[in-house]
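In case you want the letters, here they are:
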Amino acid sequence: MAQKSDNDDENELITAQLIYKILCRFSGITQPWGVLTGVRPVKLFRRLSGELGEQGAVKKFTDDFYVSEERLRLARTTERNEKRILDLSRPDSFSLYVGIPFCPSRCSYCSFVMSSIERVGKLIEPYVELLCEEIKTVAEIANSLNLRLEAVYFGGGTPTTLTAVQLDRVLGTVNSSFDMSTCREFTVEGGRPDTVDTEKLIALKENKVDRISINPQTLNEDVLKNIGRKHTAEQFFNAFELARKCGFKNINTDLIAGLPGDSFESFKSSLDSIKSLSPECITVHTLCMKRASALTTQGVTLDTDTAREARKMLDYTQKTLTDGDYIPYYMYRQSRMVGNLENVGWSLRGYESLYNVYVMDETHTILSCGSDGVTKLKRNNPDYLERVFNFKYPYEYIDRFDEIIERKNAIKTFYGK
């Protein structure tokens, strides 16, 4: 296959510009990110700054990509805030991701590989047992290669779907298997407030977890019901307060702009209420209509009114969080997002999530354990990644576990090159 040339890139850009101008003229609508479709606009801005200087990158974003002044400013600010975190990474650094693919129920917007505990509860215990074995195997490889662990992230699904005893077992395996002396951050998502209790929080605390997420997505009770979140706003506030009482000093909360039935005033109320709790991090996502989500399969579609409301929500977010001393520290975009917008992680200075920056920037190797895990191997060549895939579903993970362990030999091969 012939390699793509600079002329091909230029022709592609010219074609995109022409189509964009025609559509803007026809619809009367401009897009905040112009013709950009990539997941990582901040990474692109950083690369262009290295090639053209910062002012050259600014000119490229505005003159060639038609990015709005507001989004350009957001990208520049985020890039500067990321730099301190990126500078912590070394050639031998890596981060660890552990996936827990279980939730109390599936949210209507969700397309992640996860299983509700009503359907697959019997798989959880064998999954936990094998997950601990995979963690031990990966740790042996990382230790033999003298790799340096920077951050640990437990995601899902909802990790706190596990019992306190199961959490203690998996977290304890990480702590006893890896060299944790260099680990700067240990995050566990307690994404569903109805899965958070004192016993589980104590298990996290005793296993050196120093950052957690408690994610309501909205505090509008009607919207919570519409999207299949089987918890109340009160349960979120109770879980947040309980986490503080248990000593957690770095808590993230997630909100989603553009949810069905949510208005600007309702979103504003949710954000203001969360901000009043002074969480260290607030991540604001924009609804993404993934093909596999229930919203999409049920025929829910996006329209200009929804996009307009979502843009107001994010504009308000940027103003109120900036005024409240929060900084944007990582950002990414997805296809099929309401209003062609973005997801942004905001934090109080000094509380930025290292893992979120590393995984989004593709800074260093990410070793992944659990179903649907993707190990991303990176070293020396800044533009080259090798991927090692685990099987997607919990039943596959359990039934074909030996194959997963065999695949991990690719880590040794990669670092031996």
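Everything that follows concerns the structure shown earlier in this document.
Described in the following lines is the structure provided in the data block. Source: prediction; values computed, not measured.

### Digging into the overall build of the chain
Looking only at helices and strands, one finds 17 helices and 13 strands in the chain. Principal-axis analysis of the C-alpha atoms places the extent of the chain at approximately 60 × 55 × 40 Å. A total of 417 residues make up the chain; the buried ones form 56% of that total. Restricting the contact set of the chain to residue pairs at least 6 apart, pairs at least 24 apart contribute 74%. Taken as a whole, the chain presents about 19000 Å² of accessible surface, with 50% of it coming from carbon and sulfur. The averaged location of the 58 negative side-chain charges in the chain is 2 Å from the averaged location of its 55 positive side-chain charges.

### Digging into the nonpolar core
A general tendency of soluble globular proteins is for nonpolar side chains to be buried together. Core analysis: the largest hydrophobic core is formed by 102 residues, its most contacted members being F61, L96, F154 and F178. Excluding residues within four positions of it along the chain, F61 makes contact with W33, L36, P41, L44, F45, L48, Y66, V67 and L72. With nine residues, the next largest nonpolar core counts L86, Y329, L354 and M360 among its residues.

### Description of helix α10 (residues 233–245)
An ideal rise of 1.5 Å per residue puts 18 Å on 13 residues; α10 measures up with 19 Å between its terminal C-alpha atoms. Among the residues of α10, A233, F236, A239, F240 and A243 are the ones counted as buried. All buried residues of α10 fall inside an arc of 120° around its axis, so they share one side. Summarising the geometry of α10, the exposed residues directed more than 90 degrees from the buried face are E234 and K245. Its buried side turned inward, α10 meets α8 (198–206), β6 (211–213), α9 (221–226), β7 (251–257) and α11 (264–275). Directly beyond the C-terminal end of α10, a positive phi value near 100° is found at G247.

### Quick word on the pairing of strand β4 (residues 148–156)
For β4, the buried fraction is high: eight of the nine residues fall into the buried class. Note that strand β1 (residues 93–100) and β4 share eight bridges and pair parallel. Of the residues in β4, the one forming a bridge with Y97 is Y153. Running through helix α7 (residues 164–177), the crossover from β4 to the neighbouring parallel element strand β5 (residues 185–189) is right-handed.

### Concerning the environment of K136
Examined against the element boundaries, K136 turns out to sit in helix α6 (residues 124–144). Placed 233 residues apart in sequence, K136 and C369 show a C-alpha to C-alpha distance of 10.0 Å. Excluding anything up to four places from it in sequence, K136 contacts T173 and S177.

### What to know about the side chain of D262
Within the element layout of this structure, D262 appears in the loop between β7 and α11. Buried and unpaired, D262 has no salt bridge, with R229 as the nearest side chain of opposite charge at 12 Å. A polar contact is formed between the side chain of D262 and the side chain of S266, at a distance of 2.6 Å. Sequence-distant contacts of D262, defined by excluding residues within four places in its chain, comprise T218, N220, V223, I256, F267 and M313.

### Some remarks on helix α2 (residues 41–52)
For α2, with 12 residues, the first-to-last C-alpha span of 16 Å sits near the 16 Å given by 1.5 Å per residue. All buried positions along α2 are accounted for by P41, V42, L44, F45, R46, L48 and S49. Where α2 terminates, the next one or two residues include G53, which has phi positive at roughly 85°.

### Some thoughts on the packing of aromatic side chains
Applying the stated criterion to the full structure yields 18 aromatic pairs. Between Y329 and Y330 the ring centres are 5.1 Å apart and the planes differ by 45°, which places this aromatic pair in the tilted class. Each member of the pair, Y329 together with Y330, is buried. Taken together, the ring pairs in this structure connect F102, Y127, Y397 and F401 into an aromatic cluster. Over the ring of F248 we find K205; its NZ or CZ atom is 4.8 Å from the centre of that ring. Here R407 stacks its cationic end above the ring of F391, 4.4 Å away from the centre of that ring.

### Side note on unusual backbone geometry
Cis geometry marks the peptide bond from G156 to G157; its omega dihedral reads 10°. Locating G157 in the fold gives a position in the loop between β4 and α7. The backbone of Y66 sits at a positive phi, close to 60°, despite the residue not being glycine. By the element assignment, Y66 lies in the loop between α3 (54–64) and α4 (69–86).

### A closer look at the packing of α11 against helix α13 (residues 304–323)
When two helices pack together, their arrangement is given by the angle between the helix axes and by the axis-to-axis distance. In contact at an axis separation of 10 Å, α11 and α13 are set at 25° when each is read in the N-to-C sense. Considering the angle they form, α11 stands roughly parallel to α13. With respect to the hand of their crossing, α11 and α13 are arranged in right-handed fashion. Where α11 approaches α13, its residues F264, F267, K268, L271, D272 and K275 are matched on the opposing element by E309, K312, M313, Y316, T317, T320 and L321. For the contact of α11 with α13, the residue count by class is six nonpolar, two polar and five charged.

### Observations regarding the environment of N238
For N238, the location among the structural elements is in helix α10. On the basis of relative accessibility, which here comes to 42%, the residue N238 falls in the partly exposed class. With 128 residues separating them along the chain, N238 and I366 place their C-alpha atoms 34 Å apart.

### Observations concerning the packing of α2 against α4
Interhelical geometry of α2 versus α4 gives an angle of 80° and a closest axis separation of 9 Å. Between α2 and α4, the interaxial angle falls into the category roughly perpendicular. Here V42, F45 and R46 of α2 lie close against α4, whose contacting residues are L72, A75, R76, T78, E79, E82 and L86. Residues that form the contact of α2 with α4 fall into these classes: five nonpolar, one polar and four charged.

Rules of the game
- Residues numbered from 1 in each chain as written.
- Predicted model: local features only at pLDDT ≥ 70, side-chain atom pairs only at ≥ 80, totals over all residues.
- Heavy atoms only, no water.
- Helix = DSSP H or I, 4+ residues; strand = E, 2+ residues; numbered from the N terminus.
- Buried < 20%, exposed > 50% of the residue type's maximum accessible area, 1.4 Å probe, protein only.
- Contact = heavy atoms within 4.5 Å.
- Areas by Shrake-Rupley, 256 points an atom, 1.4 Å probe, with all protein chains shown as cover.
- Lys, Arg positive; Asp, Glu negative; His and termini not counted.
- Charge placed at Lys NZ, Arg CZ, Asp CG, Glu CD.
- Core = buried A, V, L, I, M, F, W, Y, C linked by side-chain atoms within 4.5 Å.
- Expected span 1.5 Å × (residues − 1).
- Arc of directions from axis to C-beta.
- Pairing = 2+ DSSP bridges.
- Right-handed = clockwise from strand over helix to strand, strands pointing away.
- Salt bridge = Lys/Arg side-chain N within 4 Å of Asp/Glu carboxyl O.
- Polar contact = N/O pair within 3.5 Å; in protein donor to acceptor, adjacent residues only side chain to side chain.
- Phe/Tyr/Trp six-rings, centres within 6.5 Å; stacked < 30°, edge-to-face > 60°.
- Lys NZ or Arg CZ within 6 Å of the ring centre and 35° of its normal.
- Axes fitted to C-alpha atoms, helices over the stretch in contact; angles between N-to-C directions.
- Parallel < 35°, antiparallel > 145°, perpendicular 65-115°, else oblique.
- Left-handed = near helix turned anticlockwise from the far one by under 90°.
- Nonpolar A, V, L, I, M, F, W, Y, C, P; charged D, E, K, R; others polar.

Everything listed here is a matter of coordinates, which is why it stays silent on function.
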